[in-house]
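Residues per chain, in single letters:
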Amino acid sequence: MATRPVVFGAAYSVYVRAVRLALHEKGVDYDHVEVDVFGPGGPPAEHLQRHPFGRIPAFEHDGLRLYESSAIERYIDAAFDGPPLQPPEPRAQARMNQAQSMLDSYCYPTLVWEVFAERVRAPVRLGRAPDEARIAAALPRAETCLRALTDIGRDGPWLAGPTLTLADLHAAPMFIYFRMAPEGAAMIARYPRIATWLDAMLARPSVAATRSPLEYPRRQPAVEPRPNMTATRSPPE
């Protein structure tokens, strides 16, 4: 009998959560091992054996070791029983792949690093004011992300068409963080398809089961950002 899969990485990581979401959606029992790659001394030595670049997540199952969340998610979908998370039709699968690539290349750096990390995490983690200039510069890029995802998901209600796919699981953790920033909540509200999609994701048991320790108890109100202040950058989450 195959061993239980193991996910290595911090629960707050959007990519660790995306992998865990895939496991929950497939109904797979798994173990989650917390790994802090940002602690003193950097990634633990044993983690570098799993991931030579010292990032998260890493994954093990029945003698197989994987890293890179998209590769892990596709393996989970192929290796385990449960509802399919990749569309069989080539065009829909291409849309899913396009959405995931876009999320990694453009959306994650903007929505999470530049907006969420500055507006929400900097005051809590570093005890400093957000970098208002950095947030302001990021918002047009965030708007492009939401427009592009709205276009990809035009055949919805999910991001890649009529059924839930890995694209939805990849995107949800990023948008949950983005909406915690007042600017993010206000922007999502201007894109009804994205807002409806995110509400549908938040209602899924898999999302509740993988709740990030950084999430607030309830959605933050859309309030005006603080006056411009000079501040140093915080590391991404």
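Residues numbered from 1 in each chain as written. Predicted model: local features only at pLDDT ≥ 70, side-chain atom pairs only at ≥ 80, totals over all residues. Heavy atoms only, no water.

1. Considering the pattern of salt bridges
Rule in force here: Whenever a carboxyl oxygen of Asp or Glu lies within 4 Å of a side-chain nitrogen of Lys or Arg, that contact is scored as a salt bridge. Under the scheme applied here, a residue whose accessible area is under 20% of the maximum for its type counts as buried, over 50% as exposed, and between as partly exposed, the area being computed with a 1.4 Å probe on protein chains only.
Summed over all chains, the structure comprises 15 salt bridges. We note a salt bridge from Arg154 to Asp151, for which the minimum N-O separation is 3.3 Å. You can call Asp151 partly exposed: its relative accessible area is 42%. The salt bridge partner of Arg211 is Glu215, with a shortest N-O separation of 3.9 Å. Arg211 sits in the partly exposed class, given a relative accessible area of 44%. When salt bridges that share partners are traced, they join Arg17, Arg211 and Glu215 into one network.

2. Structural notes on the sheet that holds strand β2 (residues 31-33)
Stated formally: Any two strands with at least two DSSP bridges between them are considered paired. Strands are runs of DSSP state E lasting at least two residues, helices are runs of H or I lasting at least four, and both sets are numbered from the N terminus onward. With axes taken as lines fitted to C-alpha atoms, and helix axes fitted only over the stretch in contact, angles between N-to-C directions fall between 0 and 180 degrees.
Ordered in space as β2-β1-β3-β4, the four strands form an open sheet in which the pairing is mixed. Edge positions in the sheet fall to β2 and β4 (64-67), since each has one partner strand and no second. Each strand of the sheet is rotated relative to its neighbour by a mean of 20 degrees, with strand direction disregarded. Inspection of the sheet shows strand β1 (residues 6-8) paired to β2 by three bridges, in the parallel sense. Counterpart to Val6 in the pairing with β2 is Asp31.

3. Details of the confidence of the model for the protein chain
Short version of the rule: A score between 0 and 100, pLDDT records how confident the predictor is in each residue. Throughout, a residue-residue contact means that at least one pair of heavy atoms, one from each residue, lies within 4.5 Å.
When pLDDT is averaged along the protein chain, the result is 89, and 90% of the positions lie at 70 or above. Taken as a whole, residues 217-237 scores under 50 in pLDDT and shows 53 contacts with residues more than four places along the chain or in a different chain.

4. Examining the nonpolar core
Stated formally: By nonpolar core is meant a set of buried Ala, Val, Leu, Ile, Met, Phe, Trp, Tyr and Cys residues that side-chain atoms within 4.5 Å join together.
Of all hydrophobic cores here, the largest spans 67 residues; its most connected members are Leu149, Phe175, Phe178 and Trp197. In contact with Phe175, other than residues within four places in its own chain, are Leu103, Leu111, Leu146, Leu149, Ile188, Ile194, Trp197 and Leu198.

5. Some thoughts on the environment of Val6
Mapped onto the secondary structure, Val6 falls in strand β1. Given a relative accessible area of 15%, Val6 falls into the buried group. As for Val6 and Arg20, which are separated by 14 residues in sequence, their C-alpha atoms are 9.8 Å apart. Residue contacts for Val6: discarding those within four places in its chain leaves Asp31, Val33, Ala58, Phe59 and Glu60.

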